[in-house]
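Descriptive structure summary
Okay, here's what each chain looks like letter by letter:
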Amino acid sequence: MNEGKLIWMDGEMVPWRDAKIHVLSHVVHYGSSVFEGTRSYKTSKGSFCFRLAEHVKRLFFSAKIYRMEISHSPEEITEATKKVVRENELEACYIRHLVFRGYGELGVNPLTCPVRVMIATLDWGAYLGEEGKRDGIDICVSSWQRLAHDTMPLLSKAGGHYLNNQLIKLEATQNGYAEGVALTSSGFVAEGSGENIFIVKEGGLITPPSAAGLLPGITRHSVIKLAKDEGIKTSRQMIPREGLYIADEVFLTGTAAEVTPVRSVDGIAVGDGKPGPVTKRLQDRFEGIISGRDEDKYGWMEPV
Ligand code: PPE
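Worth saying up front: this structure is predicted, and the values here are computed from it rather than measured.

Here's the deal with the nonpolar core
Grouped together as the largest cluster of nonpolar side chains are 21 residues, with contacts concentrated most on F50, L205, V223, L226, F251, L282 and F286. Broken down by secondary-structure element, the contributors of at least two residues to this core are β4 (46–50), β10 (196–201), α6 (218–229) and α8 (277–290). Here this core gathers at least three residues from each of two domains, domain 1 (6–122) and domain 2 (130–290). Discounting chain neighbours no more than four positions away, the residues touching L226 are L282, R285, F286, I289, Y298 and W300. With 20 residues, the next largest nonpolar core counts V56, I77, V84 and V117 among its residues.

This is the structure:
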């Protein structure tokens, strides 16, 4: 890990190495945390966080679902986020928000443990590699199913849920793939271990609906908006596994992954095995906004 300077913890700036918790903290044993990943970008007009308001909103919703009371307002978290970005003096960074149950009593009941918050910045480049972003990545369908809605509340981006994602990622990478995509228990495409998924079929864009047990990503929402404004027909529809094999294009979206083309699924080439025109167009529109090259008519870029 590339160490940064300061981490915001419960209202204070703490030197990176001093941002510690006790091993008997509730979160360590039971995965009781909710988190966010946001990116800050450097443009010629200064640093900007991409859709910070939506990320903070989702963090509070995630916490509400698990009955975690955050002792800071969304406005305070927003201001603290910008402060961490400024004080770490990074050109561009990935921001991790974490709300977690700390040290109190051990035992499943979480209510005896304080709810704590931290915000850190990380020096993260392309999540699935620069090469992957340019040429596309090879993915597989996971043998692990995505969690079902009646097992875990999937609209909460909770730490504990990510044991499922870890199994998907472990299996994929051990078998030589860059990423794994999980299906729902009825066999429809859900999402990648850390990304949403889109296919292009006959010029139109299709992504699975929230009912497929996915995290409705902020990047996914942004790409749908960009596609609509580009006049690309877009729909949220269940996609069967083989829909990935016969798609013209496939790509993944996420804060970390941004827009990453997929060149093969389970060893079957997507289209002609190269990033397709719709993917490239949306990737370019997205890059245009985050780099400050194009006008941000959506108000997505929040000055730091
Ligand atoms: N699904 C999952 C399971 C997921 O983890 C992410 C983000 C998304 C979809 C896309 O959501 P959004 O970032 O709002 O567009 N994954 C985060 C964590 C990755 C990690 O390894 O940690 C991220 O991209 O920040």
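Continuing now.
Concerning the domain arrangement of the protein
Under the domain assignment used here, the protein contains domain 1 (6–122) and domain 2 (130–290). Measuring from the centre of the C-alpha atoms in domain 1 to the corresponding centre in domain 2 gives 26 Å. Listed as interface residues are 19 residues of domain 1 and, on the opposing side, 21 residues of domain 2. Both sides together, the interface formed by domain 1 and domain 2 hides about 1700 Å², and carbon and sulfur atoms give 60% of it. Three residues stand out in domain 1 for area buried against domain 2, namely F35, F50 and R58, and they jointly supply 32% of the buried area on that side.

Section: the pairing of strand β5 (residues 93–101)
Of all the 9 residues making up β5, 7 are buried; the element is thus mostly covered by neighbouring parts of the structure. The pairing of strand β3 (residues 33–43) with β5 spans 8 bridges and is antiparallel. Bridging across to β5, F35 finds its partner in L98. Across 8 bridges, the pairing between β5 and strand β6 (residues 115–122) is antiparallel. Residue V99 lies in a different strand from β6, and its bridge partner there is V117.

As for the sheet that holds β3
Spatially, 7 strands are ordered β2-β1-β6-β5-β3-β4-β16 in an open sheet, and the strand pairing comes out antiparallel. The sheet is open, and its two borders are formed by β2 (12–15) and β16 (301–303), each paired with just one other strand. The average undirected angle you get between the axes of adjacent strands in this sheet is 30°. Helix-sheet contacts for helix α3 (residues 74–88) involve β1 (6–9), β2, β3, β5, β6 and β16, and the interaxial angle to β6 is about 35°.

So, the environment of H149
Within the element layout of this structure, H149 appears in the loop between β7 (137–141) and α5 (162–174). Between the C-alpha atom of H149 and that of G213, which follows or precedes it by 64 residues, the distance is 6.1 Å. Those residues in contact with H149 that lie beyond four places of it in its chain are L154, S210, A211 and G213. A polar contact is formed between the side chain of H149 and the backbone oxygen of S210, at a distance of 3.2 Å. Side-chain polar atoms of H149 contact the backbone nitrogen of G213, separated by 3.4 Å.

Details of the packing of helix α2 (residues 52–65) against α3
For any two helices packed against each other, the geometry is given by the interaxial angle and the distance between the axes. One way to put it is that α2 packs onto α3 with a least axis distance of 10 Å and a crossing angle of 130°. As judged from the angle between their axes, α2 and α3 are oblique. Crossing handedness for the pair α2 and α3: right-handed. Residues L52, V56, L59 and F60 of α2 form the contact with α3, whose own contacting residues are P74, I77, T78, T81 and K82.

Digging into the layout of surface pockets
For the largest pocket, the calculated volume is near 930 Å³. Around the largest pocket, the lining is made up of 46 residues, and of these F35, Y94, R96, W124 and K157 lie nearest the centre. Contributing elements (two or more residues each) for the lining of the largest pocket: β1, β3, β5, β6, α5, β9 (189–192), α6 and β13 (249–254). Considered class by class, the residues forming the lining of the largest pocket number 22 nonpolar, 16 polar and 8 charged. When residues of the lining of the largest pocket are assigned to domains, at least three fall in each of domain 1 (6–122) and domain 2 (130–290). Taken as a whole, the second largest pocket holds about 360 Å³ of empty space. Along its surface, the second largest pocket is lined by 14 residues, and E54, R58, P216, G217 and I218 are the ones closest to its centre. Looking at the lining of the second largest pocket, the elements with two or more residues in it are α2 and α6. The element contributing the most residues to the lining of the second largest pocket is α2, with 5 residues. Its residues assigned to classes, the lining of the second largest pocket comprises 5 nonpolar, 3 polar and 6 charged. Looking at which domains feed residues into the lining of the second largest pocket, each of domain 1 (6–122) and domain 2 (130–290) supplies at least three.

About the cut-offs
- Residues numbered from 1 in each chain as written.
- Predicted model: local features only at pLDDT ≥ 70, side-chain atom pairs only at ≥ 80, totals over all residues.
- Heavy atoms only, no water.
- Core = buried A, V, L, I, M, F, W, Y, C linked by side-chain atoms within 4.5 Å.
- Buried < 20%, exposed > 50% of the residue type's maximum accessible area, 1.4 Å probe, protein only.
- Helix = DSSP H or I, 4+ residues; strand = E, 2+ residues; numbered from the N terminus.
- Domains from an automatic or database assignment.
- Contact = heavy atoms within 4.5 Å.
- Buried area = accessible area lost by both parts, 1.4 Å probe.
- Pairing = 2+ DSSP bridges.
- Axes fitted to C-alpha atoms, helices over the stretch in contact; angles between N-to-C directions.
- Polar contact = N/O pair within 3.5 Å; in protein donor to acceptor, adjacent residues only side chain to side chain.
- Parallel < 35°, antiparallel > 145°, perpendicular 65-115°, else oblique.
- Left-handed = near helix turned anticlockwise from the far one by under 90°.
- 1 Å grid on protein atoms, 1.4 Å probe; cavity = no way out; pocket = protein on both sides within 12 Å on 5 of 7 lines; lining within 4 Å.
- Points joined across faces, edges and corners; volume = space filled by probe spheres on them.
- Nonpolar A, V, L, I, M, F, W, Y, C, P; charged D, E, K, R; others polar.

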